[in-house]
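# Summary of structural features
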Amino acid sequence: MDKVKKTSWEKITTLLSQLYSVELQIKETHFTLQSSIYTLVSLFHSQFSQLIDRNDIIDSIQQLDFETPQLFNMGRNLQSEFAFTSNHKYILKVISGTQYRYFKNTFHQYYFKIIANKNCLLAKTFGIYKFEDRDNISYLVLMENLFYEHKLQNSQIISIYDLKGAQSSRITKNFDEQFQQQQQLLQNKAQTIPLLKGKDEDFKKIRFFQDFSVEKKLDLMNQIKQESDILAEANTMDYSLMIITGHINQFQQGKRLFKLNNNVGTIIGIIDYYQEYNSTKKLENKFKTWFGMHKPDQQISCVDSDAYRKRFQIYFQQFLQD
């Protein structure tokens, strides 16, 4: 995936401001801003416009923050491909042309079905764009930032879990020692708590859901099942459930943020849901099965959408169904 140049980022934010400053109601499914040197296409613009506050978008995208995402890097190569808006409310993220076309041709109908549920776990997408100038073509999405409510309450982020339900390579080096150190610091009410990052095998060890009520666990499991069923129907795989916890001095309930205990709040959402199980992923599956780790399919992250759904649900059932 090509990197987006700094000048292109600046032009993109300017164009997005122009796009959402249009006073007239845009009724076209896909809307295009065009000049002799650039083109910006906004997919499903009229539908996305019903989900947003235009003035809030305009205010938010005036300046981008490229530094903060590096603090929460879960192993991805972020660099300039991923940025928060300056108020941390939205994320502007580069995607591939394949993912752009997948949303345009197939996934959009399933996406709007999922987010019709006000309690949906999906980190919401508010716009998807193609930007073309004389140098290159870039594809981007404007998304909800799951960290926002933590930022709003001056929360100190203490842990981030990126969970796919897979076992192969889904483990963090020195996690046990880091977790024990963090627990000790929390008990001692330390002012600074080191950030803990974990994956599937790490998460099994910590009994994260033990303070959830039976009703809360059942609701969460039902939502995971409902949304992953639709994602499988859309032939989507490789998504993650992200769990973000933070220490908050004066806790206030948010839309996504809810309290666990001892002034610790958490946010749970599904991310990275733009990947279709396409021919490239099928080849990756065959390669890893035949020539890679020689493990059963359920041990490989890259599996077909139905197998991915089943594995995803089974993984969370062990925590959420008594």
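Residues numbered from 1 in each chain as written. Predicted model: local features only at pLDDT ≥ 70, side-chain atom pairs only at ≥ 80, totals over all residues. Heavy atoms only, no water.

By the naming in an unreviewed UniProt entry, the chain is PIPK domain-containing protein, taken from Paramecium sonneborni.

The next thing to look at is the pattern of salt bridges. Going through the model one piece at a time under the given rule, you end up with twelve salt bridges. Residues Lys93 and Asp272 are paired through a salt bridge, measuring 3.0 Å at the closest nitrogen-oxygen approach. Of this pair, Lys93 sits in strand β5 (residues 90-95) while Asp272 sits in the loop between β12 (264-271) and α10 (279-292), placing them 179 residues apart in sequence. Here Lys93 and Asp272 have matching classes, each one buried. Residue Asp306 pairs with Arg309 through a salt bridge whose shortest N-O separation is 2.6 Å. In this pair, Asp306 and Arg309 both sit in helix α11 (residues 305-320), three residues apart, roughly one turn of the helix. Overlapping salt bridges, with partners in common, bring together Lys225, Asp229, Asp306, Arg309 and Lys310 in one network. (Salt bridge = Lys/Arg side-chain N within 4 Å of Asp/Glu carboxyl O. Helix = DSSP H or I, 4+ residues; strand = E, 2+ residues; numbered from the N terminus. Buried < 20%, exposed > 50% of the residue type's maximum accessible area, 1.4 Å probe, protein only.)

Paired through their backbone hydrogen bonds, the strands of a sheet run either parallel or antiparallel. Strand order in the open sheet made by the five strands is β9-β8-β10-β12-β11, with mixed pairing throughout. Unpaired on one side and paired on the other, β9 (196-198) and β11 (258-261) mark the two borders of the sheet. Averaged over all adjacent pairs, the angle separating strand axes in this sheet is 25 degrees, with direction ignored. Note: β11 against β12, three bridges, orientation antiparallel. Across the sheet, residue Asn261 finds its bridge partner in β12, namely Val264. (Pairing = 2+ DSSP bridges. Axes fitted to C-alpha atoms, helices over the stretch in contact; angles between N-to-C directions.)

Taken as a whole and judged by the stated rule, the model has 36 aromatic pairs. Ring centres 6.0 Å apart and planes at 25 degrees place the aromatic pair Phe48 and Phe103 in the stacked group. Of this pair, Phe48 sits in helix α2 (residues 45-49) while Phe103 is found in helix α5 (residues 97-114), placing the two residues 55 residues apart along the sequence. What makes Phe48 buried here is its relative accessible area of 2%. On the accessibility criterion, Phe103 (0% relative accessible area) is buried. On the basis of an interplanar angle of 55 degrees and a centroid distance of 6.4 Å, the ring pair of Phe107 and Tyr274 is categorised as tilted. (Phe/Tyr/Trp six-rings, centres within 6.5 Å; stacked < 30°, edge-to-face > 60°.)

To continue, consider α5. In α5, a bend of some 75 degrees at Phe107 exceeds every other bend along the element. Tucked into the core, α5 has its buried residues touching β2 (39-42), α2, β5, β6 (125-132), β7 (137-144) and α9 (214-233). (Bend = angle between axes of the 7 residues up to and from the residue. Contact = heavy atoms within 4.5 Å.)

Strand order across the open sheet formed by seven strands is β1-β2-β6-β7-β5-β4-β3, with antiparallel pairing between neighbours. Two strands close off the open sheet at either side, each with one partner strand: β1 (31-34) and β3 (64-65). Strand direction decides the pairing type here: β3 and strand β4 (residues 82-85), joined by two bridges, are antiparallel. Paired with Asp65 across the bridge in β4 is Phe84. The sheet contacts of α5 involve β2, β5, β6 and β7, and relative to β6 the element is tilted by about 150 degrees.

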